[in-house]
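Reading the structure
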4 protein chains.
Amino acid sequence: MSYSVAVAGASGYAGGELLRLLAAHPDITITTVTAHSNAGQPLTRVQPHLRSLDHLTLVDTTPENLAGHDVVFVALPHGKSGELTDHLGDDSIVIDCGADHRLTNEGDWGKFYGGEFYGAWTYGLPELIHADGSRQREKLVGARRIAVPGCNVTAITLALAPGIQAGLIKPEDLVAVLAVGTSGAGKSLKSHLLSSEIHGSAMPYAVGGTHRHTPEIIQNLAVAGGEGVSVSFTPVLVPMSRGILATSTASLEPGVGLADVRSTWELAYAGEPFVQVLPDGEFPKTADTLGANTALIGLAVDEAADRLVVISAIDNLVKGTAGAAIQSMNIALGLPETTGLTQNGVAP
Amino acid sequence: MSYSVAVAGASGYAGGELLRLLAAHPDITITTVTAHSNAGQPLTRVQPHLRSLDHLTLVDTTPENLAGHDVVFVALPHGKSGELTDHLGDDSIVIDCGADHRLTNEGDWGKFYGGEFYGAWTYGLPELIHADGSRQREKLVGARRIAVPGCNVTAITLALAPGIQAGLIKPEDLVAVLAVGTSGAGKSLKSHLLSSEIHGSAMPYAVGGTHRHTPEIIQNLAVAGGEGVSVSFTPVLVPMSRGILATSTASLEPGVGLADVRSTWELAYAGEPFVQVLPDGEFPKTADTLGANTALIGLAVDEAADRLVVISAIDNLVKGTAGAAIQSMNIALGLPETTGLTQNGVAP
Amino acid sequence: MSYSVAVAGASGYAGGELLRLLAAHPDITITTVTAHSNAGQPLTRVQPHLRSLDHLTLVDTTPENLAGHDVVFVALPHGKSGELTDHLGDDSIVIDCGADHRLTNEGDWGKFYGGEFYGAWTYGLPELIHADGSRQREKLVGARRIAVPGCNVTAITLALAPGIQAGLIKPEDLVAVLAVGTSGAGKSLKSHLLSSEIHGSAMPYAVGGTHRHTPEIIQNLAVAGGEGVSVSFTPVLVPMSRGILATSTASLEPGVGLADVRSTWELAYAGEPFVQVLPDGEFPKTADTLGANTALIGLAVDEAADRLVVISAIDNLVKGTAGAAIQSMNIALGLPETTGLTQNGVAP
Amino acid sequence: MSYSVAVAGASGYAGGELLRLLAAHPDITITTVTAHSNAGQPLTRVQPHLRSLDHLTLVDTTPENLAGHDVVFVALPHGKSGELTDHLGDDSIVIDCGADHRLTNEGDWGKFYGGEFYGAWTYGLPELIHADGSRQREKLVGARRIAVPGCNVTAITLALAPGIQAGLIKPEDLVAVLAVGTSGAGKSLKSHLLSSEIHGSAMPYAVGGTHRHTPEIIQNLAVAGGEGVSVSFTPVLVPMSRGILATSTASLEPGVGLADVRSTWELAYAGEPFVQVLPDGEFPKTADTLGANTALIGLAVDEAADRLVVISAIDNLVKGTAGAAIQSMNIALGLPETTGLTQNGVAP
């Protein structure tokens, strides 16, 4: 059988990537694509790379247009998303790529986002290890409302959660600096996102613990068993369209060495199709994950500084957004988890 | 009067940048340019951007060819540099852009570089604050042998030294992650430096405390008064030719806030022509320093994580190498320190 | 059933892209991957983006290792390719991504390539229109030896052949200038391909009619019916890994306008899954074809200059190489032509 | 003495580049910088790379604010420029970087720009060769109103004018395709200029003879003696901030070979400080001109296609805009033509 799918917010980058991946999914029929200012346009005028979908036309983003689908993906700015999903029926699985349903703590929401709090949904990071050793995957089976993680959050969580869960690193002194591509900022017309500004330059943003993804990182590491988690998180925009390379470091608990680290991380991700731990001395680059639902992880211990250094690479639009959404959908629907997704990046 | 200058290693990126800057220096005559495999070629065949120097021809890198100049700049790989400078006469000021004369501790040299240890020269970072509040500038007056700092080292040292000197941050828990351009790796033919590999990708290297610049960072922060300095330093190659954006973080001493930080850093760099501290909420991007001898510094305090976050941006070939060399030469010769150098970047 | 496949030259960019596409092909089993200096390495050490193939190890490129497969893809430098394919058995379909079997005229081979002439194979551009209105596709049915076109050639041929075949443009005054990505130059270690050299710069090569693809363009347009074809072809390297954007212009025959052009090109490519003519006023960008087997074509008439301007965009590694190879294989094997290939680009 | 200068439109890319170059000009004092929406801001908030000008504040763009300067540079969108310059006094030299005063033919203005026609000023391309062998330089001596050429126009004019003037090429069949950086499009917030869209992609615009620079190219080549000039001109946006690489081709008159071409071009530019003809077999890349007022030219003859191919490279913001403006100012004021300008690019 084929599941009917709608994508709300189909003219943005996340929406476009959902459609690219869904177009390759064997069990899906894309029925409805919605937009705001672009409603009425042929999809390929707005997303000219989606050639196989040139029969689709964008319609308004309304609950009516989104009703009656097996699955509705929502790729809207935060706030807009919660407002819409309140009006979607229980007959659809709803998967929100925005932030509105990620945080469990209303105080965090108010501090970092503001506006109405819509409450947390089942969190769409299947590989997240819980304090008891179980995985988030189990929660997603049969889920009807799913919140897709933030892209930076995924990169840092996958990097550090195994060490937190196993008690190898100190949760109160985490530092993560991320090199991130521009597509994470979306298509919004801001002068600092112009190509002339980004080209040949590296620029930080949300410096000093102000990035909205911060409480979500702490929330995940708490799920993994971390108490008193504190993370200094700085994203740096670099000249690439896609990709996140996270350098996450942590103080090691006494006596912990690289061998302990390696065995813990490898055990945590054994059998995972989309998270791969590289051999000693190998570290990922983001290009290796472009277009793929893969997270690559490299491990090192800096003995002089007594810190663990974990390098993780993902495509922010795939494992960081649209791929995670489809992976979660597959689990929710009882399909093989890897259906319609690829492990292989488009390189060079 | 005009000083006669030779540049050894004129076919590389550092050599090329020295020549670009020297060509604009009013008190300099470029007399000799040397190379190894490119000896015999017109300079502009190898450095086609140096149009005003199309009368120069590359000659062999020998002590004889380099003799008799007022100033000799050496831009050779480490090891080669020390070997050569041993044979240069006392009648020339010698300024080494390589690593051979930077480290004071032979053990560090052996551990991170290896091979013969040539001993430390006067260190060419004029703005470096010493524990007693003096500046490195004073040491450079009249110096005849100068070691230019490593580019990553300059970015991190300028970011953190004021706080170390003033006792605002803890020296034993420093973490620095740098987005760096490719020119720092030079013109060597390595497959990971091919454009197809670098383009659209971020890739770490020397992960886990193995980068050769590590002991030099510690050495500088010790000069600034830091005891027990430990730094976790990870460089990340990003798709740009030039530029270093350093995100340096440190645990704050109890009770220290952003106002203390700001006043300390601003005092440390008051009157410095080439180090500028940006206002609250502003952070630099590397493009703003392209071609300039400027270091830009932005400051933030992450109160939840209780860490200082300092963002510093430089052009690795200018303030990180060739500009620092010329700035040091100006001081050594008694010329105005800013002669032939610009504060203004080439942007966009 | 599943066809067994070998890829010779699996450590290069063309080989890597063949493997990426073949890994997603439902009727294929990748049995053998060969290399020269990398033989003995795990494939993923050399091609770290091919995560699903981490069970494969590179073996030597020998006729013995390549024997016994249903299909052998050859992705070797010209010369090497012909030398090898002479020793491959008739039990395998052999598909050469190199130049050795493209040209029908030995004089052209001698002039532009030199060395032994191995003779032409069936040409792997299914959409090429012949003078009699038939398509090259017909020749590929059941073919056992297939030569994949040059990437630049594909971009120009698809742009101009319909007008040549229909007699709308003058074959003797064609001018094509191509913006090309760096992956077409392969992984060879040449200093002008270093990221520092390519970044932020545009650079021509093979200026003045010396590019090896020139005779192949003329050969194709002759197949389309062009007599006395002359083409001025200049490729310009620009800072991107993949992609060719060809600007092909031609003098129009008297009385020919945009409407004639449009109807001719649309008719020529009606029903083609991988060649799409964009509406009036729309022109392609290369990013829309990244990773896809799609050629996008935009049409304009410059009335003041009395010239047709055709813009065509492809991914040089897909429709320009590996995708064309697999599309040709599908036809040769009697599989649906689009199997394992996508029309949709990875954008942004 | 020092001339007082105002820059109108100081918050844009052309205005920023004027200021960068003027800050290095020994005979200039920058007194006034104006803007529209950014009026009231410190200059360095809008142009953070202009560190030496951090004492300047942007004021409104009004005739009153611009009155009383020795030289006024205008870097405004076309239309706005003519409107303003009508109100500037005769006591100032006015140099317009916009299009309003470039075209001599009102019909061309109406067809390509529209709106009020403000009439032509002295054209600021000193190296332009006239039919009689004189240079445009002569017209600029003492000029009080100067129109700076369009950037694409400069690249094509310098490439082709010597051959037109000498009668070596046919003016009626010119084809030029340009790889251009994004800064030429300015800071306007358009979605196709976002970094995510430009990165890793090549995209044409103004296809089919519609670009506004077309009549200006024809006008210049007519000045050089071309009758019946026709040029097919296609610009292609590529992922770089600065730079134009023009591939200009022309049919050769019978019997003309590379030696004739070379001697003609070398004679045309003999002694020119900012236009350099490269040796046989060498062709420029744009990076070699970054930040410099240099145009580099490479020459080839495609004998099979019987066409001349000229490659020219400039920095669109320097020789293409701000550098040409200052070079023209120098001539107008009687200063040495090269004052404050450099021949040397910032590479890599």
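What counts and what doesn't
Residues numbered from 1 in each chain as written. Chains lettered and ligands numbered in written order. Predicted model: local features only at pLDDT ≥ 70, side-chain atom pairs only at ≥ 80, totals over all residues. Heavy atoms only, no water. Phe/Tyr/Trp six-rings, centres within 6.5 Å; stacked < 30°, edge-to-face > 60°. Buried < 20%, exposed > 50% of the residue type's maximum accessible area, 1.4 Å probe, protein only. Lys NZ or Arg CZ within 6 Å of the ring centre and 35° of its normal. UniProt positions renumbered as here; feature names shortened; annotations may be inferred. Helix = DSSP H or I, 4+ residues; strand = E, 2+ residues; numbered from the N terminus. Domains from an automatic or database assignment. Contact = heavy atoms within 4.5 Å. Buried area = accessible area lost by both parts, 1.4 Å probe. Salt bridge = Lys/Arg side-chain N within 4 Å of Asp/Glu carboxyl O. Polar contact = N/O pair within 3.5 Å; in protein donor to acceptor, adjacent residues only side chain to side chain. Nonpolar A, V, L, I, M, F, W, Y, C, P; charged D, E, K, R; others polar. Pairing = 2+ DSSP bridges. Least-squares fit on C-alpha atoms with pLDDT ≥ 70 in both.

What to know about the packing of aromatic side chains
Counted under the stated rule, the structure contains 8 aromatic pairs over all chains. An angle of 10° between the planes, with centres 4.4 Å apart, marks the rings of Trp109 of chain B and Tyr113 of chain B as stacked. Summarising the burial analysis for this pair, Trp109 of chain B and Tyr113 of chain B share the class buried. Members of the aromatic cluster, each reached through a chain of ring pairs, are Trp109, Tyr113 and Phe117 of chain A. When the ring centre of Trp121 of chain B is taken as origin, the NZ or CZ atom of Arg145 of chain B, which lies over that ring, is 5.8 Å away.

Points about the UniProt feature "domain: Semialdehyde dehydrogenase NAD-binding" (unreviewed entry) in chain A
Sequence positions flagged by UniProt for "domain: Semialdehyde dehydrogenase NAD-binding" (unreviewed entry) are, in local numbering, residues 4-136 of chain A. Across residues 4-136 of chain A, helical content stands at 24% and strand content at 19%; the span's end C-alpha atoms are separated by 26 Å.

As for the domain arrangement of chain A
As a measure of interface size, the accessible area lost when the parts come together is often cited. Residues and elements named next belong to chain A. One can read the domain layout of chain A as domain 1 (3-149 + 319-333) and domain 2 (152-316). Listed as interface residues are 33 residues of domain 1 and, on the opposing side, 38 residues of domain 2. In total, about 2700 Å² of surface goes out of reach between domain 1 and domain 2, with carbon and sulfur atoms giving 53% of it. Among the salt bridges present, the one from Glu272 reaches Arg137, with a minimum N-O distance of 2.6 Å. Summed over the shared surface of domain 1 and domain 2, the result is 18 residue pairs in polar contact (both at pLDDT 80 or more). Looking at the side of domain 1 that touches domain 2, the elements with two or more residues in it are helix H1 (13-23), helix H5 (106-112) and helix H11 (318-333). Residue composition of the side of domain 1 that touches domain 2, grouped by class: 12 nonpolar, 12 polar and 9 charged.

Let's talk about the sheet that holds strand E2 (residues 28-35) of chain B
All names here are of chain B. A sheet is described by the order of its strands in space; here 7 strands give the open sequence E3-E2-E1-E4-E5-E7-E6, paired in parallel fashion. Across the chains shown, the open sheet's two edge strands, defined by having one partner strand only, are strand E3 (59-60) and strand E6 (122-123). Bridging between strand E1 (residues 3-8) and strand E4 (residues 71-74) involves 4 bridges; their strand directions are parallel. Bridged to Val5 within E4 is Val71.

Details of the relation of the copies chain B and chain A
When chain B is fitted to chain A, the best match, at an RMSD of 0.0 Å, comes from turning it 180° and sliding it 0.0 Å along the axis. Taken together, these values place the two copies in the relation of a two-fold axis. Most of the interface of chain B is mirrored in chain A, where 100% of its interface residues are also at the interface.

A closer look at helix H9 (residues 214-223) of chain C
Residues and elements named next belong to chain C. Across the 10 residues that make up H9, a large majority, 7, are buried. Looking only at H9, the buried set comprises Thr214, Pro215, Glu216, Ile217, Gln219, Asn220 and Leu221. Those residues of H9 that are buried are in contact with helix H5 (106-112), strand E6 (122-123), helix H7 (151-166), strand E8 (174-180) and strand E10 (231-237). Just downstream of H9 lies Gly225, where phi reads positive at about 110°.

Details of the relation of the copies chain C and chain D
After a rotation of 180° and a shift along the axis of 0.0 Å, chain C superposes on chain D with an RMSD of 0.0 Å. The share of interface residues of chain C whose copies in chain D are also at the interface is 100%, consistent with both copies meeting through the same surface.

Some words on the interface of chain B and chain A
Taken residue by residue, the interface counts 41 residues in chain B and 41 residues in chain A. For the chain B and chain A pair, buried surface summed over both sides reaches about 3100 Å², with 66% attributable to carbon and sulfur atoms. On the chain B side of the interface with chain A, the three residues burying the most area are Ala202, Val207 and Lys285 of chain B, jointly 15% of the side's total. Viewed at the interface, chain A and chain B are joined by 4 salt bridges. For the side of chain B that touches chain A, the secondary-structure elements that each account for two or more residues are strand E8 (174-180), helix H8 (195-198), strand E9 (203-204), strand E10 (231-237), strand E11 (244-251), strand E13 (295-302) and strand E14 (307-314) of chain B. Considering every element that reaches the side of chain B that touches chain A, the biggest residue donor is E10 of chain B, with 5 residues. Each residue belonging to the side of chain B that touches chain A can be placed in one class, and the counts come to 24 nonpolar, 11 polar and 6 charged.

Looking at the UniProt feature "active site" (unreviewed entry) in chain A
Residues and elements named next belong to chain A. Within this numbering scheme, the UniProt entry marks Cys151 as carrying the feature "active site" (unreviewed entry). Within the secondary structure layout, Cys151 lies in helix H7 (residues 151-166). A relative accessible area of 14% places Cys151 in the buried class. Beyond its immediate chain neighbours, meaning those up to four positions away, Cys151 contacts His213, Ile244, Ile314, Asn316 and Gly320.

Regarding the side chain of Glu337 of chain A
Residue and element names in this part refer to chain A. By secondary structure assignment, the location of Glu337 is in the segment after H11. By relative accessible area, which is 16% here, Glu337 ends up buried. A polar atom in the side chain of Glu337 sits 2.7 Å from the side chain of Arg137. Sequence-distant contacts of Glu337, defined by excluding residues within four places in its chain, comprise Pro126, Arg137, Phe274, Gln327, Asn330 and Ile331.

Brief notes about the interface of chain C and chain D
Taken together, the contact between chain C and chain D spans 41 residues of the former and 41 residues of the latter. Summed over both partners, the interface of chain C with chain D buries about 3100 Å², with 66% contributed by carbon and sulfur atoms. Viewed at the interface, chain D and chain C are joined by 8 residue pairs in polar contact (both at pLDDT 80 or more). When residues of the side of chain C that touches chain D are traced back to their parent elements, those giving at least two are E8, helix H8 (195-198), strand E9 (203-204), E10, strand E11 (244-251), strand E13 (295-302) and strand E14 (307-314) of chain C. The leading source of residues in the side of chain C that touches chain D is E10 of chain C, at 5 residues. Taken together, the residues of the side of chain C that touches chain D sort by class into 24 nonpolar, 11 polar and 6 charged.

Comments concerning the pattern of salt bridges
Counted according to the given criterion, the structure contains 60 salt bridges over all chains. For Arg307 of chain C, the salt bridge identified is with Asp173 of chain C, shortest N-O distance 2.9 Å. Linking Arg307 of chain C in strand E14 with Asp173 of chain C in the loop between H7 and E8, this pair joins segments that are 134 residues apart in sequence. Residue Arg307 of chain C shares its accessibility class with Asp173 of chain C, and that shared class is buried. Among the salt bridges present, the one from Glu17 of chain D reaches Arg242 of chain D, with a minimum N-O distance of 2.6 Å. Taken as a pair, Glu17 of chain D in helix H1 (residues 13-23) and Arg242 of chain D in the loop between strand E10 (231-237) and strand E11 (244-251) lie far apart in primary sequence, 225 residues in all. Judged by relative accessible area, which is 0%, Glu17 of chain D ranks as buried. One network of salt bridges, with partners in common, ties together Glu17, Arg20, Arg242 and Asp315 of chain A.

Observations concerning the pairing of strand E13 (residues 295-302) of chain A
All names here are of chain A. Counting buried positions along E13 gives 8 out of 8 residues, so the element sits mostly inside the fold. Side chains Ala295, Ile297, Leu299 and Val301 project from E13 onto one buried face, and the interleaved Leu296, Gly298, Ala300 and Asp302 project onto a second face that is buried too. Of the strand pairs in this sheet, strand E12 (residues 275-277) and E13 are connected by 3 bridges, and their pairing is parallel. Residue Val277 lies in a different strand from E13, and its bridge partner there is Ile297.

Considerations on the environment of Asp100 of chain C
All names here are of chain C. You can see Asp100 is positioned in the loop between strand E5 (93-96) and H5. Distance in space between the C-alpha atoms of Asp100 and Leu22 is 23 Å, their sequence separation being 78 residues. Asp100 has contacts with Pro77, His78, Gly79, Lys80, Ser81, Gly82, Trp109, Tyr118 and Gly119, leaving out every residue within four places of it along the chain. Polar side-chain contacts of Asp100 include one of 2.7 Å to the backbone nitrogen of Gly79. Of note is the side chain of Asp100, whose polar atom sits 2.9 Å from the backbone nitrogen of Gly82.

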